[in-house]
Every structure is written in C-alpha cells, then in structure tokens.
Amino acid sequence: KLGLIFNNHWVRKKKNSSVMTNSKIDKLYNRLSKNSQFHGGKLIGAGGGGFFLFVIKNKKKAVNFLIRNKFEYSEIKIDNIGVRSIKY
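The written sequence of each chain sets the order in which its residues are numbered from 1. Per-residue local features of the predicted model are confined to residues with pLDDT of at least 70, and side-chain atom pairs are confined, for both listing and counting, to 80 or more; whole-chain, interface and lining totals are unaffected and use all residues. To obtain the side-chain values, all non-hydrogen atoms of the structure were used and water was disregarded.

Okay, the overall build of the protein chain next. For the protein chain, the count of helices and strands is three helices and two strands. Secondary structure is summarised from DSSP: a helix means a run of H or I of at least four residues, a strand means a run of E of at least two, and numbering begins at the N terminus for each. Moving toward the C terminus, one meets the helices and strands of the protein chain in the order α-α-β-β-α. In terms of overall dimensions, the protein chain has a C-alpha envelope of 35 × 30 × 25 Å along the principal axes. Intrachain contacts of the protein chain at a sequence separation of at least 6 include 40% that bridge at least 24 residues. Distance between charge centres in the protein chain, computed from 19 positive and 4 negative side chains, equals 7 Å. By definition, residues are in contact when any of their heavy atoms lie within 4.5 Å. Only four residue types enter the tally: Lys and Arg on the positive side, Asp and Glu on the negative side; His and the chain ends are excluded. Just so you know, the charge point we use is NZ for Lys, CZ for Arg, CG for Asp and CD for Glu.

On to the side chain of Lys-42, then. Note on placement: Lys-42 falls in strand S1 (residues 38–44). Buried within the structure, Lys-42 lacks any salt-bridge partner; Asp-26 is the closest side chain of opposite charge, at an N-O distance of 14 Å. Definition of a polar contact: a pair of N or O atoms within 3.5 Å, with one able to donate and the other able to accept a hydrogen when the atoms are protein atoms, and with sequence-neighbouring residues admitted only if both atoms are side-chain atoms. In this structure the side chain of Lys-42 is engaged in a polar contact, spanning 3.1 Å, whose partner is the side chain of His-9. Among all residues touching Lys-42, those that are not within four sequence positions of it are Phe-6, His-9, Trp-10, Tyr-29, Phe-51, Phe-52 and Leu-53. Relative accessible area decides the class of each residue, using a 1.4 Å probe on protein chains only: under 20% of the type maximum gives buried, over 50% gives exposed, and in between gives partly exposed. Salt bridges are defined by distance alone: a side-chain nitrogen of Lys or Arg within 4 Å of a carboxyl oxygen of Asp or Glu.

Only centres within 6.5 Å qualify two rings of Phe, Tyr or Trp (six-membered ring in Trp) as a pair; their planes then separate them into stacked at under 30 degrees, edge-to-face at over 60, and tilted for everything else. One pass over the full model with this rule turns up seven aromatic pairs. On the numbers, 6.2 Å between centres and 45 degrees between planes, the contact of Trp-10 with Tyr-29 is tilted. With Trp-10 in helix H1 (residues 2–16) and Tyr-29 in helix H2 (residues 23–34), this residue pair connects regions lying 19 residues apart in the sequence. Look at Trp-10 and you get buried, because its relative accessible area is 1%. Judged by centre distance (5.7 Å) and plane angle (45 degrees), the ring pair of Tyr-29 and Phe-52 falls under tilted. Pair noted here: Tyr-29 is in helix H2 and Phe-52 is in strand S2 (residues 51–56), with a separation of 23 residues, a long-range link. For Tyr-29, a relative accessible area of 5% translates into the label buried. What links up through ring pairs into an aromatic cluster is the set Trp-10, Tyr-29, Phe-38, Phe-52, Phe-54, Phe-65 and Phe-71.

In this section: the packing of H1 against H2. With their axes 14 Å apart at the nearest point, H1 and H2 run at an angle of 160 degrees to one another. Taken together, the axes of H1 and H2 are roughly antiparallel relative to one another. Crossing hand, H1 versus H2: left-handed. Every residue of H2 that contacts H1 at Asn-7, Trp-10 and Lys-14 is listed here: Ile-25, Asp-26 and Tyr-29. Residue classes follow a fixed rule: Ala, Val, Leu, Ile, Met, Phe, Trp, Tyr, Cys and Pro count as nonpolar, while Asp, Glu, Lys and Arg count as charged, and any other residue, Gly among them, counts as polar. Counted by class, the contact of H1 with H2 contains three nonpolar, one polar and two charged residues. For helices, the fitted axis covers only the stretch in contact; all axes are lines through C-alpha atoms, and the angles between them, taken along N-to-C directions, range from 0 to 180 degrees. Angles below 35 degrees are treated as roughly parallel, those above 145 as roughly antiparallel, those between 65 and 115 as roughly perpendicular, and all remaining angles as oblique. Crossing chirality is assigned from the near helix's rotation relative to the far helix, an anticlockwise turn below a right angle marking it left-handed and a clockwise turn marking it right-handed.

Laid out in structure tokens, this is it:
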C-alpha cells in the first residue's frame, strides 16, 4: 500500500507544475515502475536535484536489476528513532 501512496503522490505532484519533471525523469520512473520488483515510488529532494524513493518487493532482485541497468542506488532503513546521519 505504501508504494501505491507514493505513486499517487508523484502523479498528483507532477500535475502542480509543468517543470516538476521532464522526459528523462519520466522515462526512468516508468522503466522502474514496469519492473515487478518496484511497487510504486516518487521523486523526492529539492531544487533541481533529488532521487527516486521506491518500495520494493524483493531487495536482492531489485538491486540486481539496478546494477544490471547501471542505476545508482542507496539503501534506507526505517525505524522509530527519528532522523539521524550515519557515515560509512
């Protein structure tokens, strides 16, 4: 359900402004959305930069797809502690 919520938010957000996205961003989003491992997402970030946040079905299969298709990716984990920064 979270992926569907993200997707609905992204669709509505794009309707707010004609400069919210472009053909390259839309092409990337559609490519990920068509893969069964990705269950909805949205573009997040600010000011001409950002990244896609997607809900995935199977981490290993999703990461393999990203690697094969030369997508850069970062993993995030959700917990109940709140915002924090971790350096690797």
